[in-house]
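# Per-entry structural report
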Amino acid sequence: MTLDIVPSGQACGATVRGLDLRTIDDELVAEIRAAWLEHKVLAFPDQQFTDDDLERFTLHFGPFGQEPFFAPIDGRVHIAAIERRADETSPLFAENWHSDWSFQENPPDGTCLYGKVIPPHGGDTLYANQTAALAAMPQELRSRIEGKIAVHSARGGYAPDGAYGDNDADDRSMRIRPSEEAYATQLHPVIRTHRETGEESLFSVLGYIIGIDGMDDDEARALLAEVYAWETREEFQYQHTWEPDMLVMWDNRCVLHRATGGYDGYDRLLHRTTIGYNAAVPASA
Ligand code: SIN
């Protein structure tokens with residue numbers, strides 16, 4: 001079957017129409033994977049997913065990822081609710097650019113997000129193509145990050161003194177569970193080669209990246225801020241607008257993403273799984 005793929009016309013992202021993702025065979029899974037690797041973010045409108053369907057779809061692409069610092073929705077282990085009530089006053093969740101759980105030893109290859117309650121306006125998700133950002137990066141900046149190893153940590157968000165920690169707003173609807181474990185650190189190269197495509201990308205961003213291994217903190221932060229300003233430029237972005245019953249999957253290895261607001265007074269609810277590190281996928285040549 002040839003997929004009906006409409007590229008976004010922006011720096012990444014495509015919409016795939018005409019599929020019922022509840023019933024896909026191995027051949028279709030391979031085609032979706034190829035499209036996912038090419039476009040980095042795929043949106044599938046009009047999917048009538050139950051939570052079972054979301055889990056089954058996720059498992060076509062890898063094992064479930066490990067979800068730290070979140071309690072799952074009732075009755076599930078691997079599904080988190082990305083939720084905000086109409087009257088909620090807490091700061092927006094995930095408004096900073098990030099790559100999901102990049103502070104893990106084996107961060108999730110991808111994320112699936114299914115739109116259940118979508119406000120009539122606002123609430124878009126922004127993506128930034130990190131393969132394109134690296135390819136276009138001025139050599140002078142690139143030469144300063146080549147071979148460097150980034151120090152990742154969840155502390156800024158999920159430690160007791162982090163943004164979602166003990167002083168977070170009382171009325172947050174999301175089931176965030178801050179913990180001392182957020183102070184742990186993990187090293188990853190600033191520039192990584194994608195296991196499946198062989199393409200080089202910038203991996204993650206200042207925020208979950210808190211320093212550069214072996215570099216003075218102030219110097220590292222200044223460099224990371226320069227990289228941040230480059231990699232999040234509008235020319236590398238795709239702005240995704242949600243519809244109810246839309247499933248989006250993205251590749252954390254080569255895109256950043258962030259939430260946006262603009263829907264005060266309306267509920268927003270999406271169910272999320274992560275596609276864990278999949279050691280079984282064939283590596284690129
Ligand atoms: C996320 O970062 O998982 C949430 C993105 C969004 O709410 O748009």
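Right above here is the structure, for reference.
Now for a description of the structure that goes with this document. Computed from a prediction, not measured in an experiment: that's the story for all the values here.

It is worth spelling out the overall build of the chain at this point. In terms of helices and strands, the chain carries 6 helices and 15 strands. Relative to the globule expectation of 19 Å for 285 residues, the C-alpha radius of gyration of the chain, 18 Å, shows essentially globular dimensions. In terms of principal-axis extent, the alpha carbons of the chain reach across some 50 × 50 × 35 Å. The buried share of the chain, reckoned over its 285 residues, is 55%. When the accessible surface of the chain is split by element, carbon and sulfur atoms take 47% of a total near 12,500 Å². Here the chain carries 24 positive and 48 negative side-chain charges, and the mean point of each set is 0 Å from the other.

This next bit is on the site of the ligand. Contacts to the ligand come from Ile-82, Ala-94, His-98, Thr-125, His-257, Ala-259, Arg-268 and Arg-272. Contact distances for the ligand include 2.6 Å between an oxygen atom and a side-chain N or O atom of Thr-125. In this structure, an oxygen atom belonging to the ligand sits 2.8 Å away from a side-chain N or O atom of Arg-268. For the shell around the ligand, the secondary structure elements donating two or more residues are β14 (255–259) and β15 (268–275).

A few words on the pattern of salt bridges. Counted under the stated rule, the structure contains 23 salt bridges. A salt bridge links Arg-172 to Asp-168; the nearest nitrogen and oxygen atoms lie 2.5 Å apart. Arg-253 is the partner of Glu-196 in a salt bridge, and the nearest nitrogen-oxygen pair spans 2.8 Å. With a gap of 57 residues between them, Glu-196 in the loop between β9 (191–193) and β10 (200–202) and Arg-253 in the loop between β13 (247–251) and β14 connect regions that are remote in the sequence. Among the charged side chains, a salt-bridge network with shared partners connects Arg-33, Asp-109, Arg-195, Glu-196, Asp-251 and Arg-253.

Right, let's talk about the environment of Arg-172 for a bit. Within the secondary structure, Arg-172 is located in the loop between α5 (155–158) and β8 (185–189). Along the chain, Arg-172 and Pro-91 lie 81 residues apart, while their C-alpha atoms are 8.3 Å from each other. Excluding its chain neighbours within four sequence positions, the residues that come into contact with Arg-172 are Glu-88, Ser-90, Pro-91, Leu-92, Phe-93 and Tyr-164. Side-chain polar atoms of Arg-172 contact the backbone oxygen of Pro-91, separated by 2.9 Å. One polar contact links Arg-172 to Asp-168, side chain to side chain, over a distance of 2.5 Å.

Calculation rules
- Residues numbered from 1 in each chain as written.
- Predicted model: local features only at pLDDT ≥ 70, side-chain atom pairs only at ≥ 80, totals over all residues.
- Heavy atoms only, no water.
- Helix = DSSP H or I, 4+ residues; strand = E, 2+ residues; numbered from the N terminus.
- Rg over C-alpha atoms; globule rule 2.2 N^0.38 Å.
- Buried < 20%, exposed > 50% of the residue type's maximum accessible area, 1.4 Å probe, protein only.
- Areas by Shrake-Rupley, 256 points an atom, 1.4 Å probe, with all protein chains shown as cover.
- Lys, Arg positive; Asp, Glu negative; His and termini not counted.
- Charge placed at Lys NZ, Arg CZ, Asp CG, Glu CD.
- Near = heavy atom within 4 Å.
- Polar contact = N/O pair within 3.5 Å; in protein donor to acceptor, adjacent residues only side chain to side chain.
- Salt bridge = Lys/Arg side-chain N within 4 Å of Asp/Glu carboxyl O.
- Contact = heavy atoms within 4.5 Å.

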